[in-house]
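This is what each chain is made of:
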Amino acid sequence: MNRILKIFAVVVILSALTAPAAQAGNDQRRGTAGASELLINPWARSTGWGGVNIANVRGIDAMFNNVAGLAFLDNIEVSYTNTMLYGGRNGLSSGATINTFGLGIRVFDAGVLGVYVMSMGFGDIDITKYDSPELGTNGTFSPSYMNINVAYSHSFTRSIHGGINMKVVTESTDNVSASGFAIDAGIQYVTGEFDELKFGIALKNWGPSMSFGGTGLSLQMVGVGGNNFTVETRAAEIELPTCLNIGLSYDFLFEKWDQRLTIAGAFTSNAFLRDNYTLGLEYALLNMFQLRCGYIFQPGLWNDDAATANNGFCAGASVDIPLSKKEGNKTGISIDYSYRTADPLKGTHAFGATLRF
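None of the values given here were measured: they were computed from a predicted structure. (Residues numbered from 1 in each chain as written. Predicted model: local features only at pLDDT ≥ 70, side-chain atom pairs only at ≥ 80, totals over all residues. Heavy atoms only, no water.)

K.L.:
Sorry if this is basic, but what is going on with the overall build of the protein chain here?
P.N.:
From N to C terminus, the protein chain includes three helices and 19 strands. Every one of the 357 residues in the protein chain was classed for burial, and the buried ones make up 43%. In the protein chain, the share of contacts with a sequence separation of at least 24, taken over all contacts with a separation of at least 6, comes to 58%. About 18100 Å² of surface is accessible on the protein chain, with carbon and sulfur atoms providing 61% of the total. (Helix = DSSP H or I, 4+ residues; strand = E, 2+ residues; numbered from the N terminus. Buried < 20%, exposed > 50% of the residue type's maximum accessible area, 1.4 Å probe, protein only. Contact = heavy atoms within 4.5 Å. Areas by Shrake-Rupley, 256 points an atom, 1.4 Å probe, with all protein chains shown as cover.)

And the structure:
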């Protein structure tokens, strides 16, 4: 079994290094991929420093950043996060609300199984037609996006951890929908006397193309003889937003008050967007309080030519509250908050809670 898992680890690394490299950072392909919600981190804890923790992410959050980090889950975790993207439904018309629920369970001594569901809603949007463009006269529709993820992570050795995440993607309106399938895979390497140096690499959103279908792509027409007939438009296939994340982190540990200062950096090679560079800091005190901040840089950001709004400054905080006084019992609850700038849109707020058994 261990031999098979080691072979799997090698395959993951080789796939991650070669799959998206040919088209990485190609600005000419910007906007040609679909399911862009797969690039939005839905978890409050990791978004507080821009998702820079590719190398040191732990627990349920890891199923988005680097699934290998799921292997560090102790027993059982249940997590929920609400994200008000770009101001939420009460903000700009492009705002959205994201609800994410996750569950992780250790099923073997070295293996952890996880699942999470991310649901994005946009509220009610007025329907407009070419012959009736006035707002409020044609009713409304409610688009929705949903991603269902099932992951497994395994500790090969004390230093090497790997995992794989399989996801189903669905997007729908009242009369058009699309679905797809994608795979994430990742590896983390931990070293140092106190495991203070960490390296991570993750390949995300690798899968076949998807396309839309439904009655919304058909049109009723009248022929020359007065006969009615239906014309159906075939939607073009759209590729998934494959990307490669590479991260490095180092922990500065201080014995007094159990303080820790973590410096992390990450590089994201996007197949359909410009590449991103992220730097982040996290300060921890008494194993209970964490403050973090980060900055996501994208070429063109400082020249008002950024390709996406998901960049710039971000910050967050967490409080870990123990619920048991027994020695070795890690039962507790974590409260997380993060804020991300999204110029020129409104900022993104995320609130989350995680219960550990």
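K.L.:
What's the story with a nonpolar patch on the surface in this structure? I'm lost.
P.N.:
A surface patch of nonpolar side chains, about 850 Å² in accessible area, is lined by Ile160, Tyr189, Leu197, Phe199, Leu248, Tyr250, Phe252, Phe254, Ile263 and Leu281. Listing elements by their share of the nonpolar patch, those giving two or more residues are strand 9 (197-206) and strand 13 (243-254). Here Tyr250 shows up in strand 13. (Patch = residues over 30% accessible without salt bridge, like charges linked within 9 Å, V, L, I, M, F, W, Y side chains within 5 Å. Salt bridge = Lys/Arg side-chain N within 4 Å of Asp/Glu carboxyl O.)

K.L.:
Sorry, what's going on with the pattern of salt bridges here?
P.N.:
If you walk through the whole model with that rule in mind, you get 10 salt bridges. Taking the shortest distance from any N to any O, the salt bridge between Arg356 and Glu77 comes out at 3.2 Å. Highlighted residues: Arg356 in strand 19 (residues 348-356) and Glu77 in strand 1 (residues 76-85), separated in sequence by 279 residues. Assessed through its relative accessible area of 22%, Arg356 is described here as partly exposed. Using a relative accessible area of 9% as the deciding quantity, one classes Glu77 as buried. Arg292 is paired through a salt bridge with Glu282; the nearest N and O atoms lie 2.7 Å apart. Of this pair, Arg292 sits in strand 16 (residues 289-297) while Glu282 sits in strand 15 (residues 276-285); the two residues are 10 residues apart in sequence, bridging distant segments of the chain.

K.L.:
What's the story with the pairing of strand 6 (residues 144-155) in this structure? I'm lost.
P.N.:
Where strand 3 (residues 111-121) meets strand 6, 11 bridges bridge the pair, whose relative direction is antiparallel. The residue bridging Leu113 from the neighbouring strand is Tyr152, located in strand 6. Pairing of strand 6 with strand 7 (residues 160-172), which is carried by 12 bridges, proceeds in the antiparallel orientation. Counted as the bridge partner of Asn149 is Lys167 from strand 7. A loop of four residues connects strand 6 with strand 7, the two strands running antiparallel in sequence. (Pairing = 2+ DSSP bridges.)

K.L.:
I'm lost on the environment of Ile333 in this one. Help?
P.N.:
Tracing the sequence through the fold places Ile333 in strand 18 (residues 332-340). By relative accessible area, Ile333 is classed as partly exposed at 26%. When the C-alpha positions of Ile333 and Leu355 are compared, they lie 4.5 Å apart, and in sequence the two are 22 residues distant. Ile333 has contacts with Val319, Asp320, Ile321, Leu323, Thr354 and Leu355, leaving out every residue within four places of it along the chain.

K.L.:
What exactly am I supposed to notice about the packing of aromatic side chains here?
P.N.:
Each pair of aromatic rings is reported with the distance of its centres and the angle of its planes. The final tally for this structure, using the stated rule, is seven aromatic pairs. An aromatic cluster of at least three residues, connected via ring pairs, comprises Phe267, Tyr277 and Phe297. Seen from the ring of Phe72, Arg58 lies directly overhead, with NZ or CZ sitting 3.5 Å from the centre. Across from the ring centre of Trp257, 4.6 Å away, lies the NZ or CZ of Lys256, which sits over that ring. (Phe/Tyr/Trp six-rings, centres within 6.5 Å; stacked < 30°, edge-to-face > 60°. Lys NZ or Arg CZ within 6 Å of the ring centre and 35° of its normal.)

K.L.:
Looking at this structure, I do not really get the nonpolar core. What am I missing?
P.N.:
When a protein is soluble and globular, its nonpolar side chains tend to lie buried together. Leu85 and Met120 are the most contacted members of the largest nonpolar core, which totals 20 residues. For this core, the secondary structure elements donating two or more residues are helix 3 (62-65), strand 2 (96-106) and strand 3. Take this core: its biggest share by element is four residues, from strand 3. Look past the residues within four positions of Met120 in its chain and what remains in contact with it is Glu37, Ile40, Leu85, Ala96, Thr97, Ile98, Pro143, Ser144 and Tyr145. Val169, Ala182, Ile238 and Leu240 belong to the second-largest nonpolar core, a separate cluster that totals eight residues. (Core = buried A, V, L, I, M, F, W, Y, C linked by side-chain atoms within 4.5 Å.)

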